[in-house]
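# Working through the structure, step by step
Here's the letter readout for the chains.
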Amino acid sequence: MSIWWSLHLRREAASIPLARRLLVGAMETAGVDPDVSFDLSVALSEACANAVEHGGGQGTGHSAGAYRVTAYLDGEKCRIEVTDSGPGFPARRAGCAHTRAQQIPPTAESGRGLCLIEQLADHVHFGNRPGHGAVVSFDKALKFQEGALLKVS
């Protein structure tokens, strides 16, 4: 069994808990280990927060005020993708190098989201959509509780 869903959300802070709750609910229903579920939900929240804060202004009409979240729980992996219609990532976006993370003041309220996603997921890709917009995709191997619906035999 596999589960996938896609949401088209407004670029508003209130949309972030909606996406997170849907992901957590799907993983709980499937019997995913709560620690894995928590890691993925935090990573999703960070990706959504970036889309809400930075993901608009380049598109036209409705797409400039929205972003998309797609999640796949299939077999032993969960893959999540968050896309927006903002300016995208700079051409030379540095990864979460240890030195970059050290440059963020301890009292800063932002600037750690992409690094946190990299720490919580197994594979991460930051890229730009053709034309305009950013894409943050990440995946993580799933662990299941005994008797889980999606557990691979």
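Structural data are supplied above this passage.
Residues numbered from 1 in each chain as written. Predicted model: local features only at pLDDT ≥ 70, side-chain atom pairs only at ≥ 80, totals over all residues. Heavy atoms only, no water.

### A few points about the overall build of the protein
Broken down by element type, the protein carries 4 helices and 5 strands. Each helix and strand of the protein, placed in order from N terminus to C terminus, yields the pattern β-α-α-β-β-α-α-β-β. Taking the contacts inside the protein whose residues are at least 6 apart along the sequence as the reference set, 67% of them involve residues at least 24 apart. With the model as given, the accessible surface of the protein reaches about 8600 Å², and the carbon-plus-sulfur share is 52%. (Helix = DSSP H or I, 4+ residues; strand = E, 2+ residues; numbered from the N terminus. Contact = heavy atoms within 4.5 Å. Areas by Shrake-Rupley, 256 points an atom, 1.4 Å probe, with all protein chains shown as cover.)

### Looking at the packing of helix H2 (residues 34-54) against helix H4 (residues 113-120)
Packed helices, taken two at a time, are described by the angle between their axes plus the distance between the axes. At a minimum axis distance of 9 Å, the contact between H2 and H4 shows a crossing angle of 155°. Looking at the two axes, H2 sits roughly antiparallel to H4. In this structure, H2 crosses over H4, and the sense of that crossing is left-handed. Packed against H2, whose contacting residues are Asp39, Val42, Ala43, Glu46, Ala47 and Asn50, the element H4 presents Gly113, Leu114, Leu116, Ile117 and Leu120 at the interface. Broken down by class, the residue content of the contact of H2 with H4 amounts to 7 nonpolar, 2 polar and 2 charged. (Axes fitted to C-alpha atoms, helices over the stretch in contact; angles between N-to-C directions. Parallel < 35°, antiparallel > 145°, perpendicular 65-115°, else oblique. Left-handed = near helix turned anticlockwise from the far one by under 90°. Nonpolar A, V, L, I, M, F, W, Y, C, P; charged D, E, K, R; others polar.)

### Re the environment of Gly55
Within the secondary structure, Gly55 sits in the loop between H2 and strand E2 (66-74). Considered as a pair, Gly55 and Gly133 are 78 residues apart in the sequence and their alpha carbons are 6.9 Å apart.

### Concerning the pattern of salt bridges
Tallied over the full model, the rule gives 3 salt bridges. One salt bridge connects Arg79 with Glu81, and the closest N-O pair in it is separated by 4.0 Å. A relative accessible area of 31% means that Arg79 is categorised as partly exposed. Classification of Glu81 as partly exposed rests on a relative accessible area of 27%. (Salt bridge = Lys/Arg side-chain N within 4 Å of Asp/Glu carboxyl O. Buried < 20%, exposed > 50% of the residue type's maximum accessible area, 1.4 Å probe, protein only.)

### Regarding the environment of Ser41
Tracing the sequence through the fold places Ser41 in helix H2. By relative accessible area, Ser41 is classed as buried at 2%. Counting along the chain gives 20 residues from Ser41 to Arg21, while the straight-line C-alpha distance between them is 8.1 Å. Looking at Ser41, its side chain comes within polar contact range of the side chain of Arg20, at 3.5 Å. (Polar contact = N/O pair within 3.5 Å; in protein donor to acceptor, adjacent residues only side chain to side chain.)

### Some details on the environment of Leu7
Here Leu7 lies in strand E1 (residues 2-10). Ignoring anything within four residues of it in the chain, the contact list for Leu7 reads Ala19, Leu22, Tyr67, Arg68 and Val69.

### Side note on the nonpolar core
One finds Leu23, Leu40, Leu44, Tyr67, Ile80 and Phe138 to be the most contacted residues of the largest nonpolar core, which totals 38 residues. Those elements giving two or more residues to this core turn out to be E1, helix H1 (15-30), H2, E2, strand E3 (77-84), H4 and strand E5 (134-141). Per-element accounting of this core gives the leading share, 9 residues, to H2. (Core = buried A, V, L, I, M, F, W, Y, C linked by side-chain atoms within 4.5 Å.)

### So, the pairing of strand E4 (residues 123-128)
One ladder, built from 6 bridges, connects E4 with E5; its direction is antiparallel. Its bridge partner being in E5, His123 is matched across the sheet by Asp139. Where E4 folds back onto E5 in an antiparallel hairpin, the turn is made up of 5 residues, including Gly131, whose phi is positive at roughly 95°. (Pairing = 2+ DSSP bridges.)

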